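Fold and contact review
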Amino acid sequence: VLHIDKMASYHKPDEKTFQGLKDIANKLRIHSIKATCASNSGHPTSCCSAAEIMSVLFFHTMRYKTQDPRNPCNDRFVMSKGHAAPILYAAWVEAGFVKEADLLNLRKIDCDLEGHPTPKLAFVDVATGSLGQGLGAACGMAYTGKYFDKSSYRVYCLLGDGECSEGSVWEAMAFASYYKLDNLVAILDVNRLGQSEAAPLQHDMETYRKRCEAFGWNTYVVDGHDVEELCKALWQAQQDKGRPTAIVAKTLKGKGLKGKNEANWHGKPIPKDKVDAFLSDLQEKIQTNKPLCPEHPAEDLSPADLSPIHLPSLPPYKTGDKVSTRRAYGVALARLGQSSERVVALDGDTKNSTFSELFKKAHPDRYIECFIAEQNMVSVAIGCATRDRTVSFASTFAAFFSRAYDQVRMAAISQSNVNLVGSHCGVSIGEDGPSQMALEDLAMFRAIPTCTVFYPSDGVSTERAVELAANTKGICFIRTSRPDTAVIYSPDEKFEVGQAKVLRQSGNDKVTVIGAGVTLHEALAAADQLAKEGVNIRVIDPFTVKPLDAATIISSARATGRRIITVEDHYREGGLGEAVCSAVQGEPGVVVQQLAVSGVPRSGKPQELLDLYGISAKCIVAAVRATFAN
């Protein structure tokens, strides 16, 4: 497998080191068994197949500070097969960071050693356990290390063979080789067995090798229980320039536990009556107590600068200018990039539609083209944002984030500060038709904990949404529209998360109308038309749909006969109207009428579609009139 000519400078570790690594592997097995027995749940057999891999990585290959797991210079490790969490915790026990006694509280409510890893733990950068996502995040970390940080830290990702059925794994494989991420190593723990039956390739190591090589990876097939082969392959990975490395490790699920390498042992602790025999069997194999200390990393990186990032000057618009919020996003991001080197942008081959291309033109070395692979794009953005190394903005048509929804929900569990920008929302995109129209994105992102949902309606509010998102913890989603609309705010208008703007009001408003994006402009047009007839309505721009400014909405409702009309370029379920209903639910007597898109729409001109689906100015006027008719 390894070319001898390249091996000239390989210094084979001494026998004592090899024995020490074998012993640590068995200690990791013992810890994993004890922890899963104590919690009476977990995946000890999935841990046991990876024991030698973890031992060699953590106590021979990786360079990191054991007492400072988040140090920016440390090598990174991603446990993509998150159900093997106990062996990750065990490695940090052996490294001296986690107390051995804590392992016995695995999965208990008052312990941060959860069933799958989350960043509540300092040594976890991204939550895993929804399979197939670790390698994409590792790609983001490796890209950041090589091209943004220009640092020597390396990134190691341990995958299970079962999760290699996920397409997102292969999106990440393609990304890593395209960008020549030679600081990235993927280790496939090919233990043959999945949860309910054998993985499709079982132990067909040759097919794994061919697949990895076909994706452009430098690939080694090794015996995953042979510490000497693992040491050599991981050393070799560091020598290979211009390509990521895949180490395909043939292992046995439940290795070290006699009779446990068979189906139907996934996710089950060892039976109580058998556990002592297994533990003493493993204990007998341990020959030394030689402590192996990981090497420290090179100190070639300073901690991230966490000072707030502000736009360099006021938004470049005057009221009345016509600009789409999607274009305003690109302008704003390019401007924000002048203020901080940490701002980076990603896109999925839609940069000339989302206008992230304006950022690319201004800051070409901070733009990552992710091509048409939205799941991987979101994972890469999350990886880029780990340890606060970057402030990442990832954009595509809002409809296509639904494809990466699992990555988005895991980003929330990862406590990620990632900014996602979706353009082409609603029927107002026009002729492209329903496959391109985001009509469920507000519902999607409102359902995500930690998520702030911005819905700007003009160029100025878009600039402020971008600036606020860059400084807001958690996930931010910015919804942008395709049509050019008038700038309604002056450049010095102040915006805050959770603060709505009242754009039209009088002493005798009949009803409160709440619109956002395109429908806010329709509401303003309706207000102007009704005013000519002597009817006044109050018009509100929520700015953020989550959190929603309930106080302003309720006080407006009280002033307008407790009547609200919401109008949105989105399906009724989970959108602006339902957000408003939930905000006013404690207020007696408020009636909310929701104008929203019903049914699957069709192609047409934007204005025709707004009329057809009942969310245009004339439909708002009709709804206001109907309110008095009753």
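Residues numbered from 1 in each chain as written. Predicted model: local features only at pLDDT ≥ 70, side-chain atom pairs only at ≥ 80, totals over all residues. Heavy atoms only, no water.

Per the UniProt entry, the sites bearing "domain: Transketolase-like pyrimidine-binding" (unreviewed entry) are residues 323-487 in this numbering. Across residues 323-487, the secondary structure splits into 39% helix and 20% strand, with the terminal C-alpha atoms separated by 7 Å. (UniProt positions renumbered as here; feature names shortened; annotations may be inferred. Helix = DSSP H or I, 4+ residues; strand = E, 2+ residues; numbered from the N terminus.)

Right, let's get into the sheet that holds strand β2 (residues 155-160). The sheet built from five strands is open, its strands ordered β1-β2-β3-β5-β4 with parallel pairing. Two strands lie at the open edges of the sheet, namely β1 (76-79) and β4 (218-223), each paired on one side alone. Neighbour-to-neighbour, the strand axes of this sheet turn through a mean angle of 20°, independent of strand direction. Those strands touched by helix α8 (residues 227-239) are β2, β3 (184-190), β4 and β5 (245-250), and its axis lies near 170° from that of β4. (Pairing = 2+ DSSP bridges. Axes fitted to C-alpha atoms, helices over the stretch in contact; angles between N-to-C directions. Contact = heavy atoms within 4.5 Å.)

Following the criterion strictly, the structure yields 28 salt bridges and no others. The shortest N-O distance in the salt bridge between E213 and R209 comes to 2.5 Å. Of this pair, E213 and R209 both sit in helix α7 (residues 205-214), separated by four residues, roughly a single helical turn. Across the pair E587 and R558 runs a salt bridge whose closest N-O atoms are separated by 2.8 Å. One end of the pair, E587, is in the loop between α19 (576-583) and β19 (591-597); the other, R558, is in helix α18 (residues 550-559), with 29 residues separating them in the sequence. Under the relative-accessibility criterion, E587 is labelled buried at 12%. Taking the relative accessible area as the measure of exposure, R558 reaches 51% and is therefore exposed. (Salt bridge = Lys/Arg side-chain N within 4 Å of Asp/Glu carboxyl O. Buried < 20%, exposed > 50% of the residue type's maximum accessible area, 1.4 Å probe, protein only.)

Let's shift gears to the state of the cysteines. Using the criterion set out here, one finds zero disulfides in the structure. Counting only cysteine sulfurs, C157 is the nearest neighbor of C139, a cysteine outside any disulfide, at a range of 8.3 Å. (Disulfide = S-S within 2.5 Å.)

Attention now goes to helix α17 (residues 518-532). Spanning 15 residues, α17 covers 22 Å between terminal C-alpha atoms, matching the ideal 21 Å at 1.5 Å per step. What α17 keeps buried is the set V518, T519, L520, H521, E522, A523, L524, A526, A527 and L530. Positive phi shows up at G534, right after α17, with a value of about 85°. (Expected span 1.5 Å × (residues − 1).)

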